[in-house]
Amino acid sequence: MENRKVYLDKHTNLLQLEEHMYPLVDVDTPNVFRNLFHYDEIPKIAFNDRIVPHSMPDEIWITDTTFRDGQQSRAPYSTEQIVKIYDYFHQLGGPKGKIRQSEFFLYSKKDRDAVYKCMEKGYQFPEITSWIRANKKDFELVKEIGMKETGILVSCSDYHIFYKMKMTRRECMDHYLSVVRECLETGISPRCHLEDITRSDIYGFVIPFCLELMNLMKEYQIPVKIRVCDTMGYGVNYPGAVIPRSIPGIIYGLRVHAGVPSELIEFHGHNDFYKAVSNSTTAWLYGASGVNCSLFGIGERTGNTPLEAMVFEYAQLRGTLDGMDTKVITELAEYYEKEIGYCIPSRTPFVGKNFNVTRAGIHADGLLKNEEIYNIFDTEKFLGKPPLVAVSNTSGLAGIAHWINTWFCLSKEKQVDKNSELVRMVKAWVDKEYESGRVTVLTDEELLQVIDDACKTLGIELV
């Protein structure tokens, strides 16, 4: 106790007492936290009211797994599609490279062709990284391609250690360390994916393992990253929740007790319990510099943290977009629907067709008077998508005129008003629909057809 070092924490500017070391706790039987994760019950969220402090890093960023985890739940992208999306990520991340990295498979020729074509772009950001099997042959492949970093799977819960790998904790840790050392021997920076961390023994396995990883980093003078993988989406952001489900507790433990610098900690969330976004934000708040995301949340089972969501989380937390070009998000959504054939649910925040469309009559009235009343921010400025009012029996002539003007992005000179013949014709059709017993909102497709027919009748063109 007397020999524990007192040092100045440069982030808090407070003197800190060096924590106890945490040795590996080898056990004869697996600890699967059955009190929290009883398989025939809904998982429990327990509390002990141990609170850890916020410690947001000086710099935070987003990394991408669209071409890795995102491809595990859908048909593979073509090489051309990967290159196009990668171009979009570069543009979205802006001059400061807020989309810091993009992660690729290397197994197939198609994957490697995509990597080579993306590398030919010469972009600093997103940096191209890989995810490989933990063997020397794959390490050499990474080195041959010219990558500086690769992801390595290091499952850390007793579910995986005992039931899948059929090892003890000691055997498993020794195996992982030998693999990481093998990677470092080739000069490649390993990114250790701590799979299933939210069901792991944090202080009995995870912290001791990460302490050893930090020792290897010092020995080889090559960065070793820690990816905090909430593989099953069990993580929670509530202050005072117990580990292993506490994201604040895990990030704090890695940073303070395992000595992992914030810039080497990255959170990777899944959305099984609708918590991917809040957990990713929490990881930032408590000391992780990186959050790993997938475009539109596409990923294993319920998906990963949506990349576009974290762009706007970043802006809310930092008070700036730091150069990120958010209109690219809309371009990406259109590219996915038109070129890839992926259907984005219409109410998906920021990218769904109807995310800023109001259907309630009283809301529509307010939106027409002042769009700030019912629009989350200037969606036209940041996403190129002005707010819309859905047309129903309560829309009136003004509502129909607003819909036409915004849908077709008409300039002021070409905008229609409630007294135009086109609007009156559409209104007559709408009234007839509801007089005949209709109770549902009119679809965009129906309105476009009616407007097209009316324009032909009147001999006019809107665009």
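Computed from a prediction, not measured in an experiment: that's the story for all the values here.

A.B. asks: Give a detailed account of helix H1 (residues 79–93), specifying residues and quantitative values.
C.D. replies: Look at H1: 21 Å from first C-alpha to last across 15 residues, which is about the 21 Å you get at 1.5 Å a residue. Taken as a whole, H1 has its buried residues at Thr-79, Gln-81, Ile-82, Val-83, Ile-85, Tyr-86, Tyr-88, Phe-89, Leu-92 and Gly-93. Where H1 is buried, its residues contact strand S3 (61–64), strand S4 (99–105), helix H2 (109–119), strand S5 (127–132), helix H9 (307–318) and helix H10 (327–340). A positive phi of about 75° marks Gly-94, the residue just after H1.

A.B. asks: Hey, could you go over the nonpolar core for me, with residue numbers and the actual values?
C.D. replies: Residues Ile-85 and Leu-194 are the most contacted members of the largest nonpolar core, which totals 97 residues. The leading source of residues in this core is helix H6 (residues 202–220), at 12 residues. Discounting chain neighbours no more than four positions away, the residues touching Ile-85 are Phe-67, Tyr-77, Leu-295, Leu-332, Tyr-335, Tyr-336 and Ile-340.

A.B. asks: Could you give an account of the UniProt feature "domain: Pyruvate carboxyltransferase" (unreviewed entry) in the protein chain, with specific residues and numbers?
C.D. replies: Summarizing the sequence annotation, UniProt attributes the feature "domain: Pyruvate carboxyltransferase" (unreviewed entry) to residues 60–330 in the numbering used throughout. Structurally, residues 60–330 is divided into 43% helix and 16% strand, and its ends, taken at the C-alpha atoms, are 23 Å apart.

A.B. asks: Any details on helix H5 (residues 169–185)? Residues and values, ideally.
C.D. replies: Over its 17 residues, H5 extends 24 Å from the first C-alpha to the last, a length consistent with the 24 Å expected when each residue adds 1.5 Å. Of the residues making up H5, those classed as buried are Arg-169, Cys-172, Met-173, Tyr-176, Leu-177, Val-179, Val-180, Cys-183 and Leu-184. Summarising the axial view, the buried residues of H5 lie within an arc of 160°, below the 170-degree limit, and thus occupy one face. On its buried side, H5 packs onto helix H3 (136–145), strand S6 (149–153), helix H4 (158–164), strand S7 (189–194) and H6.

A.B. asks: So, the sheet that holds S5: which residues are in play, and what are the values?
C.D. replies: Reading around the barrel, the eight strands line up as S3-S4-S5-S6-S7-S8-S9-S10 and close back on themselves, with parallel pairing between neighbours. Each strand axis lies, on average, 25° off the axis of its neighbour in the sheet, ignoring direction. Sheet topology places S6 next to S7; five bridges connect them, and they run parallel. Paired with Ile-152 across the strands is Cys-192, a residue of S7. Contacts between H3 and the sheet are confined to S5 and S6, with S5 contributing the most and set at about 165° to the helix.

A.B. asks: Any details on the pairing of strand S8 (residues 225–230)? Residues and values, ideally.
C.D. replies: With respect to burial, S8 is a largely interior element, six of its six residues being buried. In S8, alternate side chains face the same way, and those of Lys-225, Arg-227 and Cys-229 on one face and Ile-226, Val-228 and Asp-230 on the other are all buried. Strand direction decides the pairing type here: S7 and S8, joined by four bridges, are parallel. Bridged to Leu-194 within S8 is Val-228. Running through H6, the crossover from S7 to the neighbouring parallel element S8 is right-handed. In this sheet, strand S9 (residues 265–269) lies alongside S8 in parallel orientation, the contact comprising five bridges. Residue pairing across strands places Asp-230 opposite Gly-269, the latter belonging to S9. Regarding the hand of the β-α-β motif, the stretch spanning S8, helix H7 (residues 247–257) and S9 is right-handed.

A.B. asks: Which residues make up the packing of aromatic side chains, and what values do they have?
C.D. replies: Scanning all chains against the criterion turns up 25 aromatic pairs. Aromatic side chains Phe-377 and Phe-382 sit 5.7 Å apart centroid to centroid with 90° between the ring planes, which places their arrangement in the edge-to-face category. The class of Phe-377 is partly exposed, set by a relative accessible area of 26%. The exposure class assigned to Phe-382 is partly exposed, which follows from its relative accessible area of 25%.

Rules used in this analysis
Residues numbered from 1 in each chain as written. Predicted model: local features only at pLDDT ≥ 70, side-chain atom pairs only at ≥ 80, totals over all residues. Heavy atoms only, no water. Helix = DSSP H or I, 4+ residues; strand = E, 2+ residues; numbered from the N terminus. Expected span 1.5 Å × (residues − 1). Buried < 20%, exposed > 50% of the residue type's maximum accessible area, 1.4 Å probe, protein only. Contact = heavy atoms within 4.5 Å. Core = buried A, V, L, I, M, F, W, Y, C linked by side-chain atoms within 4.5 Å. UniProt positions renumbered as here; feature names shortened; annotations may be inferred. Arc of directions from axis to C-beta. Pairing = 2+ DSSP bridges. Axes fitted to C-alpha atoms, helices over the stretch in contact; angles between N-to-C directions. Right-handed = clockwise from strand over helix to strand, strands pointing away. Phe/Tyr/Trp six-rings, centres within 6.5 Å; stacked < 30°, edge-to-face > 60°.

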